[in-house]
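# Residue-level structure breakdown
Here is what each chain is made of, one letter per residue.
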Protein chains: 2
Amino acid sequence: MRADARRNRALIVDAAAGLFTARGPEVSMEEIAQAAGLGVGTLYRHFPDRRALLEEIAAGALRTLLDAARDHAARPGSRWDALLACVRRGADLPLALTKSLSDGAEAHPELGPLVRGLDAMLEDLAEGAQREGAVRDDITPRQVVGLLSVAVCRPGARPDDALTIVILDGLRTRAASRGVRT
Amino acid sequence: MRADARRNRALIVDAAAGLFTARGPEVSMEEIAQAAGLGVGTLYRHFPDRRALLEEIAAGALRTLLDAARDHAARPGSRWDALLACVRRGADLPLALTKSLSDGAEAHPELGPLVRGLDAMLEDLAEGAQREGAVRDDITPRQVVGLLSVAVCRPGARPDDALTIVILDGLRTRAASRGVRT
DNA sequence: TCCAAGGTGAATCGGAAATTCCGCTTCCAG
DNA sequence: CTGGAAGCGGAATTTCCGATTCACCTTGGA
């Protein structure tokens, strides 16, 4: 593969990941091309269609996050801190893609296992956080993870958003949130 | 106006309001017609175009809610309770429409004043709730209102959603939420 | 220097939703 | 009871908009 082709492929992936992170999956090929400083035709030289591009980017994001999650889960200490660290790591990744690929993502040879693995790992952390008394236990671990992703990984979320702060606080038990706000 | 025409107009408005409340503003004319048990042609006999229909319904919802807000605001007692009651009254109204009409809603002869009036009234209540110590004061009254509308008036929200519960809890001061959960 | 790999973006395709239109049906005033 | 204006239905048409193609131009690098 020619050097410029390799470089352009990277430009496309970066530009697309950035846009997807900031604005969710409803970004047009045209716009991605423009953000990468290339023509649309070039996207199609590298990816047969839109779905292929989305899948590659989603897979990258999931791999990154799954690695981070394994890391944090292995380290001893507060499960809540570990969970929060994971989720924050996801804030600058285009995770909204994963949901939008829903139909067939399960079936996809790489995406399916990644999604399942990540879900399992995060739910474990959430359950641990509840057991250690850091997180309210009147909702399921799955809901805890869902709410965290709304709080932190929603497209356009920033760490000091009112919504982010309020959800994080609302997730804590009253006992746990008595201290400094996280 | 013929009796059946009046009846059908009402069917349209009701069906549309219901769909908009449940699913937000991205509902097709076709689907509204079907929900009303009528043909699309009939929608267009009553409303020149989609926007006209949305505007009428949004105006109705805003009038209803503004009335409710005046009512609750006038009654003495906890501003937080009043605010929560208002917002809950909005839960079964198609408020998402208002935002989607954003461009030009300010200019619209009826919508503009309604939106401004409602905003002012709710922000007042929010500020009152903060002053009485019920709501955390590290966010602005406008943000309080915004978060409440996400919690309660988001399309498809139900009062026992995890997101609803967590946001409502997260909005309270730690002192205020020490009692029974609202 | 040459030319295949690579790039370009206007033109085309496709599908979903809005809007039109005209023949048929239903009210209701006389 | 009727005539005909008011209403209705829904297939056909138009509009919109993003995905995808493709004929032609550039350029890396052997």
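Looking at an unreviewed UniProt entry, chain A carries the name TetR/AcrR family transcriptional regulator, with the source organism given as Microbispora hainanensis.

## Topic: the overall build of chain A
Broken down by element type, chain A carries 10 helices and zero strands. Starting at the N terminus and ending at the C terminus, chain A contains elements arranged as α-α-α-α-α-α-α-α-α-α. In terms of overall dimensions, chain A has a C-alpha envelope of 60 × 35 × 30 Å along the principal axes. Per-residue burial for chain A yields a buried fraction of 46% across its 182 residues. Element-wise, carbon and sulfur atoms account for 53% of the exposed surface of chain A, whose accessible area totals about 9,000 Å². Computed over 25 positive and 25 negative side-chain charges, the inter-centroid distance for chain A is 3 Å.

## Concerning the packing of helix α4 (residues 50-74) of chain B against helix α5 (residues 79-89) of chain B
Residues and elements named next belong to chain B. Packing of α4 against α5 leaves a shortest axis separation of 9 Å and a crossing angle of 165°. Considering their axes alone, α4 and α5 lie roughly antiparallel with respect to each other. By crossing handedness, the relation of α4 to α5 is classed as right-handed. Across from Thr64, Leu65, Ala68, Ala69, His72 and Ala73 in α4, the residues of α5 making contact are Arg79, Ala82, Ala85, Cys86 and Arg89. Grouping the constituent residues of the contact of α4 with α5 by class yields seven nonpolar, two polar and two charged.

## Things to note about the interface of chain B and chain A
Facing the 18 residues of chain B at the interface are 18 residues of chain A. Summed over both partners, the interface of chain B with chain A buries about 1,700 Å², with 61% contributed by carbon and sulfur atoms. Remark: the boundary between chain B and chain A carries two salt bridges. The residue Arg136(B) makes a salt bridge to Asp169(A) at a minimum N-O spacing of 3.0 Å. Across the contact surface, chain B and chain A share two residue pairs in polar contact (both at pLDDT 80 or more). Every element with two or more residues in the side of chain B that touches chain A is listed here: α9 (141-153) and α10 (162-171) of chain B. Sorting elements by how many residues they give to the side of chain B that touches chain A places α10(B) first, with eight residues.

## Notes on the protein's contact with DNA strand C
In the vicinity of DNA strand C lie 20 residues, with Arg2(A), Asn8(A), Thr42(A), Met29(B) and Arg50(B) positioned nearest. Each atom of DNA strand C within 4 Å of the protein was classed as base or backbone; sugar and phosphate made up 63%. Between Asn8(A) and DNA strand C, the recorded distance is 2.3 Å, taken from a side-chain N or O atom to a phosphate oxygen. One of the backbone N or O atoms of Met29(B) is found 2.9 Å from a phosphate oxygen in DNA strand C. Mapped onto the surface near DNA strand C, the elements with two or more residues apiece are α1 (3-23) and α3 (40-46) of chain A together with α1 (3-23) and α3 (40-46) of chain B. When residues in the surface near DNA strand C are grouped by element, the largest group, five residues, is from α3(A). Grouping the constituent residues of the surface near DNA strand C by class yields eight nonpolar, six polar and six charged.

## As for the packing of α1(A) against helix α4 (residues 50-74) of chain A
Residue and element names in this part refer to chain A. Relative to each other, α1 and α4 sit at 80°, their axes nearing to 10 Å. Judged by the inter-axis angle, α1 sits roughly perpendicular to α4. Here Arg9, Ile12, Val13, Ala16, Ala17 and Phe20 of α1 come into contact with α4, specifically with Arg50, Leu53, Leu54, Glu56 and Ile57. Class assignment of the residues belonging to the contact of α1 with α4 gives a composition of eight nonpolar, no polar and three charged.

Thresholds, definitions, all that
Throughout, residues of each chain are indexed from 1 in the direction in which the sequence is written. Think of it this way: whatever chain is written first is A, whatever ligand is written first is 1, and the rest follow in order. With pLDDT at 70 or above as the cut-off, local features in this predicted model cover only qualifying residues; side-chain atom pairs require 80 or more to be listed or tallied, and sums for whole chains, interfaces and linings still use all residues. The basis for every side-chain value is the complete set of heavy atoms in the structure, and neither hydrogens nor water enter the calculation. Here a strand is any run of E in DSSP of at least two residues, a helix any run of H or I of at least four, and the numbering for each starts at the N terminus. Only protein chains enter the accessibility calculation, which uses a 1.4 Å probe; a residue whose area is less than 20% of its type maximum is buried, one above 50% is exposed, and one in between is partly exposed. Each accessible area value is a Shrake-Rupley result obtained with a 1.4 Å probe; residue values ignore everything except the protein chains displayed when judging cover. Neither His nor the chain ends is counted toward charge; the positive residues are Lys and Arg and the negative residues Asp and Glu. One atom stands in for each charge, and that atom is NZ of Lys, CZ of Arg, CG of Asp or CD of Glu. Angles run from 0 to 180 degrees between N-to-C directions of axes, and those axes are lines fitted to C-alpha atoms, restricted for helices to the stretch in contact. When describing relative orientation, an angle under 35 degrees is termed roughly parallel and one over 145 degrees roughly antiparallel, while 65 to 115 degrees is termed roughly perpendicular and anything else oblique. Left-handed describes a crossing whose near helix is turned anticlockwise from the far helix by less than a right angle; the clockwise case is right-handed. A contact between two residues is defined here by any heavy atoms of the two lying within 4.5 Å. Asp, Glu, Lys and Arg are counted as charged, while Ala, Val, Leu, Ile, Met, Phe, Trp, Tyr, Cys and Pro are counted as nonpolar; the rest, among them Gly, fall into the polar class. Here the quantity called buried area is the accessible surface, traced with a 1.4 Å probe, that two parts lose on coming together, added over both. We define a salt bridge as a contact between a side-chain nitrogen of Lys or Arg and a carboxyl oxygen of Asp or Glu at a distance within 4 Å. Each polar contact in these results corresponds to two N or O atoms within 3.5 Å; when the atoms are within protein, one needs to be able to donate a hydrogen and the other to accept it, and residues that are neighboring in sequence are counted only if both atoms are side-chain atoms. Residue proximity to a molecule or strand is established when one non-hydrogen atom of the residue lies within 4 Å of it.

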